[in-house]
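The lines below spell out each chain.
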Amino acid sequence: MLFFPYATDAPIYHYPIATGTIVAVNIGVYAMTSMQVITGNMTLEDIKWLTLQFDGIHPLQWITHSFMHAHPFHVIVNMLFLWSFGLVIEGKVGAAIFSAIYFGTHIICGALAQSMFYVLSFAAPVVADFFAFGADNGIYVLMAMALVWAPENEMNCVLLIFIPRLGKMGGGLMTELKIVSLATGYIFIELILFFFLGFLIWQAGFHLLALFGGIALAFVMLRMDWVDCEDWDIVSRNEWLHQYPLVCSEERRQRLAQKVEIKHDAVALALATSNTASTSHASYMAARSATMSRSSSGEKTTFNPRPVAAQPGPTSLPQQQQQTAASRTTKRLGLLGRKSAEPVAAPLTPQQLAQQHPDFNRIAMLLRQAISTNSMLLAEQHFGKLQQLGLAEGLADTTLFEYVKLLAANKKYLPALNPLQLIIAHGGPMTSDATIRIAQIQLKVLHQPGEAVKTLRTIRFAGQSPDGPSLSEAQKTILARRDALLQQCGVRPPPLLAKDSPPK
């Protein structure tokens, strides 16, 4: 039986523009060349020059051969795999880097194969008549990288052979498989072909070369922090790898060392981590009704965002993490080189607890899809579900901010307060922007300038003057927006704090 993936639940941050374009071009090239051959306008020999031939060195063929396929089944299977794994990889690194990886793989493999077999053709002239084509090598690289970056995420698959009761979706032709299961299965098939395919062993050999190259590239990008896998990558999910500097940086190791094994209790977590009044749809509607009632009667509605101070630099660490790093003095040899002694783990934050829930990844993906398609009703349902489970705090600030913009576009300003409070609770780089948005709602929707002033005054940065060198351009922009809102409230903007003095 064979599994053909067509979708995934892995978190993605970029639209699959390059993936979709490459799939469309592949299908278009196959349809166009096939039609020309069927109608008799061209012969197979006329389009053979687009494949990878071994009678010389032809650099153009290093790219063109990746768009050529033998038959409809070949192109359909390849495009399904390209779409599924391309969705994961491009979703994490963007179209430019994805394109460089995909076409770079074909160029390297095409140049290597053509050079090797061109030289071999002098000893065996029959080799000069051979040719190769297909998007296989690029797909195997993407599969290998997805295996490293998202092994526990799932792929929605179509089964070639009907089997009963397989996967979460039950029996039939549809099922779900983890990326690690799907990828290792096809790697095993390639290993079998490599040892038993006879003269065509070179095809499986180049597939394995692409696989191992993709694995190495994925580990390098992960080690250099060039990709964000939300700690669902193979290094984060395997504690024994945390101890090897070759695959896990010191900063990453310190962050992962804080995690401890817990048994998740959805009810207890919802009660323990919820920092708002709306942990379910019913309580949210009650809170909203009470807010609107107080606003209409002239009472004040207070929000308590955290004060925004200067953000620590990328090299600064919490005191507890510094103590943990300082206490790690003993080292011993391991399989991949020297590894450090296991540090003492600190308790997980509410945000980390939410991200470890087995349903978080799936619901968060559905929320992002609803936001990207401007589906207001679906977005509210998925966000409400995350609140019911106590998992909303695990959402990334970018996702929360996109949800806020969708709510604002539909004039749902009061519901936008909840995700804005979560952004502030995270204390990330979007905290000050979220604070300003809360103040705007207080001023222009709830008509409470006094509360808006209190909220805006929490935005303080350490520095000597707005034009001082200690303030970044982003901080200057935030202060300008804050001061403009304060003037709308009829209040003079507060002076900047003296350098290194904490906000009041």
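Residues numbered from 1 in each chain as written. Predicted model: local features only at pLDDT ≥ 70, side-chain atom pairs only at ≥ 80, totals over all residues. Heavy atoms only, no water.

Caption draft 1: Just the overall build of the chain, in detail. Each helix and strand in the chain was counted, giving 20 helices and 7 strands. Expressed as a percentage of its 504 residues, the buried residues of the chain come to 46%. Residue pairs at least 24 apart in sequence account for 72% of intrachain contacts in the chain once pairs closer than 6 positions are excluded. If you sum the accessible surface of the chain, you get close to 25100 Å²; carbon and sulfur atoms cover 64% of it. (Helix = DSSP H or I, 4+ residues; strand = E, 2+ residues; numbered from the N terminus. Buried < 20%, exposed > 50% of the residue type's maximum accessible area, 1.4 Å probe, protein only. Contact = heavy atoms within 4.5 Å. Areas by Shrake-Rupley, 256 points an atom, 1.4 Å probe, with all protein chains shown as cover.)

Caption draft 2: Quick peek at the nonpolar core. One finds L82, F85, I89 and W149 to be the most contacted residues of the largest nonpolar core, which totals 52 residues. Secondary structure elements with two or more residues in this core: α1 (17-38), α4 (72-93), α5 (95-123), α6 (136-149), β4 (154-163), α7 (179-196) and α8 (201-223). The residues contacting I89, other than those within four sequence positions of it, are G94, F98, L142, M145, A146 and W149. The next biggest cluster of nonpolar side chains, apart from the first, holds 32 residues, and it includes A370, F383, Y403 and I423. (Core = buried A, V, L, I, M, F, W, Y, C linked by side-chain atoms within 4.5 Å.)

Caption draft 3: Seen up close, the confidence of the model for the chain. Mean pLDDT over the chain stands at 76; residues scoring 70 or higher make up 73%. When mean pLDDT is compared element by element in the chain, helix α3 (residues 61-64) scores highest at 93, while helix α10 (residues 266-273) scores lowest at 37. Ignoring residues within four places in sequence, the model shows residues 260-341, a span with pLDDT below 50, making 129 contacts including any to other chains. Note on residues 497-504: pLDDT under 50 across the span, and 13 contacts to partners over four residues away in sequence or across chains. (pLDDT = per-residue confidence, 0-100.)

Caption draft 4: Spotlight on α6. Between its first and last C-alpha, α6 extends 20 Å over 14 residues, near the 20 Å set by a 1.5 Å rise per residue. With 14 of 14 residues buried, α6 is to be regarded as a mostly interior element. (Expected span 1.5 Å × (residues − 1).)

Caption draft 5: Region of the structure containing the packing of aromatic side chains. Taken as a whole and judged by the stated rule, the model has 9 aromatic pairs. Plain terms: the ring middles of Y102 and F103 are 5.2 Å apart, the flat faces sit at 85° to each other, and that makes the pair edge-to-face. Take Y102: its relative accessible area is 1%, and that puts it in the buried class. Clustering of aromatic rings is evident, with ring pairs tying together F67, F98, Y102 and F103. Over the ring of W232 we find R237, and its NZ or CZ is 4.3 Å from the ring centre. (Phe/Tyr/Trp six-rings, centres within 6.5 Å; stacked < 30°, edge-to-face > 60°. Lys NZ or Arg CZ within 6 Å of the ring centre and 35° of its normal.)

Caption draft 6: View of the pattern of salt bridges. One pass over the structure, following the stated rule, counts 12 salt bridges. A salt bridge links E250 to R253; the shortest N-O distance between them is 2.5 Å. Of this pair, E250 and R253 both sit in helix α9 (residues 250-256), 3 residues apart, which is roughly one turn of the helix. By relative accessible area, which is 37% here, E250 ends up partly exposed. What emerges from the salt-bridge pattern is a single network uniting D225, D233 and R252. (Salt bridge = Lys/Arg side-chain N within 4 Å of Asp/Glu carboxyl O.)

Caption draft 7: View of α1. Between its first and last C-alpha atoms α1 spans 31 Å; for 22 residues at 1.5 Å apiece the expected length is 32 Å, and the two agree. Among the residues making up α1, those that are buried are A18, T19, I22, V23, N26, V29, Y30, T33 and S34. Burial along α1 is one-sided: seen end-on, the buried residues are contained in an arc of 140°. Residues of α1 that are exposed and point more than 90 degrees away from the buried face comprise I17, M32 and I38. Check the buried side of α1 and you find it contacts α2 (44-47), α4 and α5. (Arc of directions from axis to C-beta.)

Caption draft 8: Layout of the environment of T19. Assignment of secondary structure puts T19 in helix α1. Judged by relative accessible area, which is 0%, T19 ranks as buried. When near neighbours in sequence (up to four residues on either side) are disregarded, T19 contacts L82, W83, G86, L87, E90 and F98. In terms of polar contacts, T19 uses its side chain to reach the side chain of E90, at 2.6 Å. (Polar contact = N/O pair within 3.5 Å; in protein donor to acceptor, adjacent residues only side chain to side chain.)

Caption draft 9: Fine view of a nonpolar patch on the surface. Side chains of L112, M116 and L209 sit close together on the surface and give an oily, nonpolar patch of about 250 Å² of accessible area. Tracing the backbone shows M116 in helix α5. (Patch = residues over 30% accessible without salt bridge, like charges linked within 9 Å, V, L, I, M, F, W, Y side chains within 5 Å.)

Caption draft 10: Molecular detail of the environment of A128. Residue placement: A128 occurs in the loop between α5 and β3 (131-132). Assessed through its relative accessible area of 24%, A128 is described here as partly exposed. Sequence spacing of A128 and Q53 is 75 residues, and the spatial spacing of their C-alpha atoms is 7.3 Å. Leave out the neighbours within four places in its chain, and A128 touches F54, D55 and S121.

Caption draft 11: Spotlight on the packing of helix α17 (residues 417-426) against helix α18 (residues 431-444). Two elements in contact, α17 and α18, have axes whose closest approach is 8 Å; the angle formed by their N-to-C orientations is 150°. Between α17 and α18, the angle falls in the class roughly antiparallel. Every pair of crossing elements has a handedness; the one defined by α17 and α18 is left-handed. Contact residues: L417, L420, Q421, I423 and I424 in α17; T431, A434, T435, R437, I438 and I441 in α18. Class assignment of the residues belonging to the contact of α17 with α18 gives a composition of 7 nonpolar, 3 polar and 1 charged. (Axes fitted to C-alpha atoms, helices over the stretch in contact; angles between N-to-C directions. Parallel < 35°, antiparallel > 145°, perpendicular 65-115°, else oblique. Left-handed = near helix turned anticlockwise from the far one by under 90°. Nonpolar A, V, L, I, M, F, W, Y, C, P; charged D, E, K, R; others polar.)

Caption draft 12: Representation of the packing of helix α14 (residues 360-372) against helix α16 (residues 397-409). At a minimum axis distance of 10 Å, the contact between α14 and α16 shows a crossing angle of 40°. Overall, the two elements α14 and α16 adopt an arrangement that is oblique. When the axes of α14 and α16 are compared, the crossing they make is left-handed. Only T399, E402, Y403 and L406 of α16 make contact with α14, whose side of the interface consists of L367, R368 and I371. Per-class residue counts for the contact of α14 with α16 are 4 nonpolar, 1 polar and 2 charged.

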